[in-house]
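# Residue-level structure breakdown
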Amino acid sequence: MRSGAGAGIVELNRGTRQASTFQADRLKPHEGMDIVTRPRILVVGAGFAGVECVRRLERRLTPGEAELTLVTPMSYQLYLPLLPQVASGVLTPQSIALSLRRSEKYRTRIIPGGAIGVDLRAKVCVIRTIAGDTVDEPYDYIVLAPGSVTRTFDIPGLTDHAFGLKSLAEAAYLRDHVISQLDLADACTDPAERASRLQFVVVGGGYAGTETAACLQRLTHAAVKRYPRLDPGLIKWHLIDIAPKLMPELGEKLGRSAHEILTRRGIEISLGVSIAKAGGEEVTFTDGRVVPTRTLIWTAGVVASPLIGTLDAETVRGRLAVNADMRLPGYDGVFALGDSAAVPDLAKGDDAVCPPTAQHALRQGRHVAENVIATLRGRSTRPYVHQDLGLVVDLGGTDAVSKPLGYELHGLPAQVVARGYHWSALRTGVAKTRVMTNWLLNAVAGDDFVRTGFQAHRPGSLRDFEYLDAYLTPEQVRAHVEEAGRAAR
């Protein structure tokens, strides 16, 4: 789970008893030990923002200055921008999963689970561990970087039949699913079934959707050569978006260039269109078209983690409203950043907020760490100000469009910039080596079409991967913390 509770949801009463024991053990000094008096800094989320914050805190704080704790269901940082390349098999999953425990100097305590509620007044974070236990983690300073979840709408059948692409598990499942459609189409004798298995629909004309459609289309185009009984002309990819333009942030020229590249490959692009109904064997568009398909990939944006809804604090379009220094107004020692926070964009002015991109999350993570340290040491915090580095979109092969520092590029030069940016942004030398090796191997040996089967016996829809029912309401958080406090006494 992204910033959620992980697996194994248990009854709250059982969790409360375990939380009480946990708190009592933590707050009561054991024989021969001193009471912990160091300030407790709790970071929620191990995405770009959370990990960058923890790394800066570790470098800038001495061990005696603070106790650092990180809450995350996975002990790795996922490099999300390269996830479409994992889904298409260009990169292996472990190449973009950067271990948080690899460094021998790492001293942050990791709680393997997801935050499901925060009581800002009591300064307690409620955590559901990956084993299903509910525990309370008290803090003096908290950095909220739980990230985002897939944005969905009240469309009949969407969460039951659509696939997402926000985790390694989803990428692995989607790759297996796409290849299995080719296998099943090759084996079946019903022309209607074969046609439906060879049509693929991607919803979302932003960076994630465009790169996903581009990478997976290349995979099926290369794979169909290994299926002599299949007509390549039957393979059809649809990319749809309710917006009037593809990736409007790129500008008119680059957006049109990306549109032309995808159209030339045979991807049918429909703008101003969305999904009206989703089924197991067909999808209905809002313009009335019915497309027979077994593959609906939903990448139509993200929303802040449901954790933000447990805080009972002011939000801006679902994101936590914070000051320019990323502090939450009215609460001492509370910071928020990344996809879940509406950080004012001082470079643009007016009421603009920073978009939920990896570029901002990395910078905000470093900046908020400095502000936490400043607060801890009694100094003034600084507002977050940035200079935009530009945008890169990798469409696979030698196709790409990029806009570094305002310069518009397409084709091979854009691809060099795009992959160079991603490669340099990877946090460890091991990850850089793995990614570069994968790219070189793919360029020389081409794609492979192996289904792993790891996800074969579990559903893989949005409903199965998001765990959105794990979070508590603000009232449940307060009641849980109060009960745990009484039990601890």
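None of the values given here were measured: they were computed from a predicted structure. (Residues numbered from 1 in each chain as written. Predicted model: local features only at pLDDT ≥ 70, side-chain atom pairs only at ≥ 80, totals over all residues. Heavy atoms only, no water.)

## Details of helix α8 (residues 252–264)
- Over its 13 residues, α8 runs 18 Å from end to end, which matches the ideal 18 Å to within 8%, given 1.5 Å per residue.
- Where α8 is concerned, the buried positions are L254, G255, S257, A258, I261 and L262. Each buried residue of α8 sits inside an arc of 160° when the element is viewed along its axis, so together they form one side.
- In this structure, the buried residues of α8 make contact with α7 (207–223), β12 (236–241), β13 (267–271), β24 (400–404) and β25 (409–410).
- Backbone geometry just after α8 places G266 at a positive phi near 100°. (Helix = DSSP H or I, 4+ residues; strand = E, 2+ residues; numbered from the N terminus. Expected span 1.5 Å × (residues − 1). Buried < 20%, exposed > 50% of the residue type's maximum accessible area, 1.4 Å probe, protein only. Arc of directions from axis to C-beta. Contact = heavy atoms within 4.5 Å.)

## Describing the packing of helix α2 (residues 48–60) against helix α9 (residues 358–376)
- Here α2 crosses α9 at 35°, and the two axes come no closer than 7 Å. Taken as a pair, α2 and α9 cross one another with a handedness that is right-handed. Only A358, A361, L362, G365, R366, V368, A369, E370, V372 and I373 of α9 make contact with α2, whose side of the interface consists of F48, A49, E52, C53, R56, L57 and R60.
- Taken together, the residues that form the contact of α2 with α9 break down as eleven nonpolar, one polar and five charged. (Axes fitted to C-alpha atoms, helices over the stretch in contact; angles between N-to-C directions. Left-handed = near helix turned anticlockwise from the far one by under 90°. Nonpolar A, V, L, I, M, F, W, Y, C, P; charged D, E, K, R; others polar.)

## Side note on the pairing of strand β15 (residues 282–285)
- Pairing of strand β14 (residues 275–278) with β15, which is carried by three bridges, proceeds in the antiparallel orientation. If you follow I275 over to β15, its bridge partner there is F285.
- Both β15 and strand β16 (residues 290–292) contribute to a ladder of three bridges, which runs antiparallel. Residue pairing in the sheet places T284 in a bridge with V290 of β16. (Pairing = 2+ DSSP bridges.)

## Details of empty space enclosed by the protein
- In the structure shown here, the tally under the stated rule is two cavities of 30 Å³ or more.
- Counted as a void, the largest cavity has a volume near 60 Å³.
- Counting residues per element, the lining of the largest cavity draws most heavily on helix α13 (residues 474–488), which supplies three residues.
- Looking at side-chain class alone, the lining of the largest cavity contains five nonpolar, one polar and four charged residues.
- If you add up the space inside the second largest cavity, you get close to 30 Å³. (1 Å grid on protein atoms, 1.4 Å probe; cavity = no way out; pocket = protein on both sides within 12 Å on 5 of 7 lines; lining within 4 Å. Points joined across faces, edges and corners; volume = space filled by probe spheres on them.)

## Details of the packing of aromatic side chains
- Across all of its chains, the model carries four aromatic pairs by this definition.
- Above the plane of the ring of W423 lies K432, whose end atom (NZ or CZ) is 5.1 Å from the centre. (Phe/Tyr/Trp six-rings, centres within 6.5 Å; stacked < 30°, edge-to-face > 60°. Lys NZ or Arg CZ within 6 Å of the ring centre and 35° of its normal.)

## Focus on the pattern of salt bridges
- Counted by the stated rule, this structure contains 21 salt bridges.
- For D183, the salt bridge goes to R451, with nearest N and O atoms at 2.9 Å. Separated by 268 residues along the polypeptide, D183 in helix α5 (residues 168–187) and R451 in the loop between α11 (429–445) and α12 (462–466) bring together distant segments of the chain.
- By relative accessible area, which is 44% here, R451 ends up partly exposed.
- One continuous salt-bridge network, built from bridges that share partners, spans E52, R55 and R366. (Salt bridge = Lys/Arg side-chain N within 4 Å of Asp/Glu carboxyl O.)

## Digging into helix α10 (residues 412–425)
- A rise of 1.5 Å per residue sets the reference length of α10, with its 14 residues, at 20 Å; its end C-alpha atoms lie 20 Å apart and thus fit the reference within 8%.
- Residues A414, Q415, A418, R419 and H422 constitute the buried set of α10. When α10 is viewed along its axis, its buried side chains cluster within an angular range of 120° and face the same direction. Those residues of α10 that are exposed and angled more than 90 degrees off the buried face are L412 and V416.
- Where α10 is buried, its residues touch α3 (83–87), β23 (390–394), β24, β25 and α11.

## Some words on the sheet that holds β15
- Within the open sheet, the three strands sit side by side as β14-β15-β16. Their pairing is antiparallel. The open sheet has two free edges, formed respectively by β14 and β16, since each of these has just one partner strand. Sheet twist, expressed as the mean angle between neighbouring strand axes with direction ignored, is 20°.

## Digging into the sheet that holds strand β22 (residues 341–342)
- Strand order across the open sheet formed by three strands is β19-β20-β22, with mixed pairing between neighbours. Of all strands in the sheet, those bounded by a partner on one side alone are β19 (315–316) and β22.
- Two elements, β19 and strand β20 (residues 319–321), share two bridges in a ladder whose sense is antiparallel. Paired with T315 across the bridge in β20 is L320.

## Section: unusual backbone geometry
- Located in the positive-phi region is D312, a residue other than glycine, with phi close to 55°.
- Phi is positive for R317, which is not a glycine, with a value near 50°.
- Relative to the helices and strands, R317 is located in the loop between β19 and β20.

## What about the state of the cysteines?
- One pass over the full model with this rule turns up zero disulfides.
- There is no disulfide at C125, and the cysteine sulfur nearest it, in C53, is 14 Å away. (Disulfide = S-S within 2.5 Å.)

## What about the layout of surface pockets?
- By volume, the second largest pocket amounts to about 380 Å³.
- In terms of lining, the second largest pocket is formed by 19 residues, of which the most central are G89, L91, T92, R175 and D448.
- Going through the elements one at a time, α5 and α11 are the ones with two or more residues in the lining of the second largest pocket.
- The greatest single-element share of the lining of the second largest pocket, amounting to four residues, is contributed by α11.
- The class makeup of the residues in the lining of the second largest pocket is nine nonpolar, six polar and four charged.

## Side note on the environment of H367
- Within the element layout of this structure, H367 appears in helix α9.
- When the C-alpha atoms of H367 and P383 are compared, they prove to be 8.6 Å apart, with 16 residues separating the residues in sequence.
- The contact partners of H367, leaving out residues within four places of it in the chain, are M326, R382, P383 and Y384.
- Here P383 takes part through its backbone oxygen, which lies 3.2 Å from a polar atom of the side chain of H367. (Polar contact = N/O pair within 3.5 Å; in protein donor to acceptor, adjacent residues only side chain to side chain.)

## Quick word on the nonpolar core
- One finds L57, I96, V118, I142 and L144 to be the most contacted residues of the largest nonpolar core, which totals 113 residues.
- Examining the composition of this core, we find that eight residues originate from one element, α5, more than from any other.
- When residues no more than four places from it in sequence are discounted, the contact partners of V118 are V124, C125, Y139, I142, L144, L307, T310, L311 and V477.
- By size, the runner-up hydrophobic cluster in this structure holds 16 residues, among which are V201, V203, V291 and L296. (Core = buried A, V, L, I, M, F, W, Y, C linked by side-chain atoms within 4.5 Å.)

Structural measurements only, silent on function.
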